[in-house]
Amino acid sequence: MSLKKIIKIILPLILGGFLVWYSFTIVSPKELLQYFENANYSWIALGLFFGILSHLSRAYRWKFLLEPMGYKPKFLNSTLAVMVAYLMNLFLPRAGEVTRASVMTTYEGIPFEKGFGTIVAERIADLVMMLLILVITLFVQFDFIYDLLSKNFSPIKILIAVGALIVGFVVFTQYVKKATKGLGLKIKNFILSLSEGVTSIFRMKDKWAFIFHTVFIWIMYIAMFWATIPSIEGLQVPFGGVLVGFIAGGFAIAATNGGLGAYPAAVGTALTLFGISEKTGIAFGSVMWAAQTAMIIVFGGLSFLALPIFNKNK
């Protein structure tokens, strides 16, 4: 294994461990345990129900990418592959995508390269949805963001920052456009791939069904976050706070192994913007993360065991 791969594995674990320690400096393990004991698990169960719906929808959406290539996998195998992929991502970042494609190669005879290519296309659609939610959040919370900035920064500083961002964006765009090697070329190729992936969706035979499931998946993600909030007694979060907390948690999951340490810290910090104490925010983030992780471990583990049982002839 190369040094680069080792760093990619170890660095998220170190970051996650540090953030776990940081969270414990805000809310002690004993206090955190009390939050878990007093949590309303009916709301947590509702949140997990929305999460399960999102996973089922993701498995069903996959067929719209595979069928044009002549493959019609069993829905059960697609679902089991998705859950095993989530389980693998807890241990090795991005290993889930490889595992998911490998499962379909083994049990459905779909060539690895083709299966993996459809998963990359899915990721592009999910990235677009994440960016869309981010834009919606900026519009929904525009007044809040403006008031927050105006209280902490003078108007001249805000104008300078906005001007610097615009100039930086123009310079960056020109750099990427002219790049022929190095990082600039990698960014250019990524943007081109993203553009091609998005436009290819609209050329699909079942594009509207694919788009529906993509939107549904992300609505369920947000619903899972929203439904879990009442599990912490007295916790009230406005809709804008739900979106901000959800986005913060999403980026945290991408940064570490399944959001280890990072998810509670990111959600707790985000909710402080809406007048919620960091202690309560971290406690909620911990409950949310624990529920999601437990669901993935249980269903992912069962899926791993079920695959060879339901595919005895493979």
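Summarised in this report is the structure supplied together with it. Note that the structure is a prediction, hence the values are computed from the model and not measured.

If you tally the helices and strands in the chain, you get 14 helices and 0 strands. Starting at the N terminus and ending at the C terminus, the chain contains elements arranged as α-α-α-α-α-α-α-α-α-α-α-α-α-α. When its C-alpha atoms are laid out on the principal axes, the chain stretches across 65 × 55 × 45 Å. Counting the 314 residues in the chain, one finds 41% classified as buried. Entry remark: accessible area of the chain is about 17,600 Å², with carbon and sulfur atoms responsible for 73%.

Bringing empty space enclosed by the protein into the picture now. The probe, sized like a water molecule, is rolled over the atoms to show the empty space still left. Enumeration over the complete set of coordinates arrives at 1 cavity of 30 Å³ or more. The volume enclosed by the largest cavity comes to roughly 40 Å³. Counting residues per element, the lining of the largest cavity draws most heavily on helix H5 (residues 75–91), which supplies 4 residues.

The subject of this paragraph is the pattern of salt bridges. What the rule picks out here adds up to 8 salt bridges. Between Lys279 and Glu31 there is a salt bridge, with the nearest N and O atoms lying 3.0 Å from each other. Linking Lys279 in helix H14 (residues 278–310) with Glu31 in helix H2 (residues 29–38), this pair joins segments that are 248 residues apart in sequence. The partly exposed category is assigned to Lys279, whose relative accessible area is 30%. For Glu31, a relative accessible area of 28% gives the class partly exposed. With a shortest N-O distance of 3.9 Å, Arg58 and Glu122 are connected by a salt bridge. In this pair, Arg58 is assigned in helix H3 (residues 41–61) and Glu122 in helix H7 (residues 112–140), connecting sequence segments 64 residues apart. Each of the two residues, Arg58 as well as Glu122, counts as buried.

The next thing to look at is the packing of H3 against H5. At a minimum axis separation of 8 Å, H3 and H5 run at an interaxial angle of 120°. Put simply, H3 runs oblique to H5. Handedness of the H3/H5 crossing: right-handed. Each of His55, Leu56, Arg58, Ala59 and Tyr60 in H3 lies in contact with H5, whose residues at this interface are Phe75, Ser78, Thr79, Val82, Met83 and Tyr86. Grouping the amino acids of the contact of H3 with H5 by side-chain chemistry returns 7 nonpolar, 3 polar and 1 charged.

This next bit is on the layout of surface pockets. One number sums up the size of the largest pocket: a volume of about 1,300 Å³. Lining the largest pocket are 39 residues, and of these Arg94, Glu97, Arg123, Ile253 and Ala254 sit closest to its centre. Elements with a minimum of two residues in the lining of the largest pocket: H3, H5, helix H6 (95–108), H7, helix H10 (182–201), helix H11 (207–228), helix H12 (239–255) and H14. Looking at the lining of the largest pocket, the element that brings in the most residues is H7, giving 7 residues. Among the residues forming the lining of the largest pocket, the class breakdown is 24 nonpolar, 10 polar and 5 charged.

With that out of the way, let us pick up the packing of aromatic side chains. Counted according to the given criterion, the structure contains 9 aromatic pairs. The interplanar angle of 50° and the centroid separation of 6.0 Å between the aromatic rings of Phe49 and Phe50 together place this pair among those described as tilted. Residue classification places Phe49 among the partly exposed residues on the basis of a relative accessible area of 44%. Exposure remark for Phe50: the relative accessible area of 16% places this residue in the buried category. Here Trp218 and Tyr221 contribute two aromatic rings whose centre-to-centre distance is 5.1 Å and whose plane-to-plane angle is 80°, an arrangement assigned as edge-to-face. Linking Trp218 with Tyr221, this pair stays in helix H11, spanning 3 residues, or about one helical turn. A relative accessible area of 10% places Trp218 in the buried class. Relative accessible area serves as the criterion here: at 13%, Tyr221 is assigned to the buried category. One aromatic cluster is present, built from ring pairs that chain together Tyr60, Phe64 and Phe75. Over the ring of Trp62 we find Arg100, and its NZ or CZ is 4.0 Å from the ring centre.

What counts and how
Residues numbered from 1 in each chain as written. Predicted model: local features only at pLDDT ≥ 70, side-chain atom pairs only at ≥ 80, totals over all residues. Heavy atoms only, no water. Helix = DSSP H or I, 4+ residues; strand = E, 2+ residues; numbered from the N terminus. Buried < 20%, exposed > 50% of the residue type's maximum accessible area, 1.4 Å probe, protein only. Areas by Shrake-Rupley, 256 points an atom, 1.4 Å probe, with all protein chains shown as cover. 1 Å grid on protein atoms, 1.4 Å probe; cavity = no way out; pocket = protein on both sides within 12 Å on 5 of 7 lines; lining within 4 Å. Points joined across faces, edges and corners; volume = space filled by probe spheres on them. Salt bridge = Lys/Arg side-chain N within 4 Å of Asp/Glu carboxyl O. Axes fitted to C-alpha atoms, helices over the stretch in contact; angles between N-to-C directions. Parallel < 35°, antiparallel > 145°, perpendicular 65-115°, else oblique. Left-handed = near helix turned anticlockwise from the far one by under 90°. Contact = heavy atoms within 4.5 Å. Nonpolar A, V, L, I, M, F, W, Y, C, P; charged D, E, K, R; others polar. Phe/Tyr/Trp six-rings, centres within 6.5 Å; stacked < 30°, edge-to-face > 60°. Lys NZ or Arg CZ within 6 Å of the ring centre and 35° of its normal.

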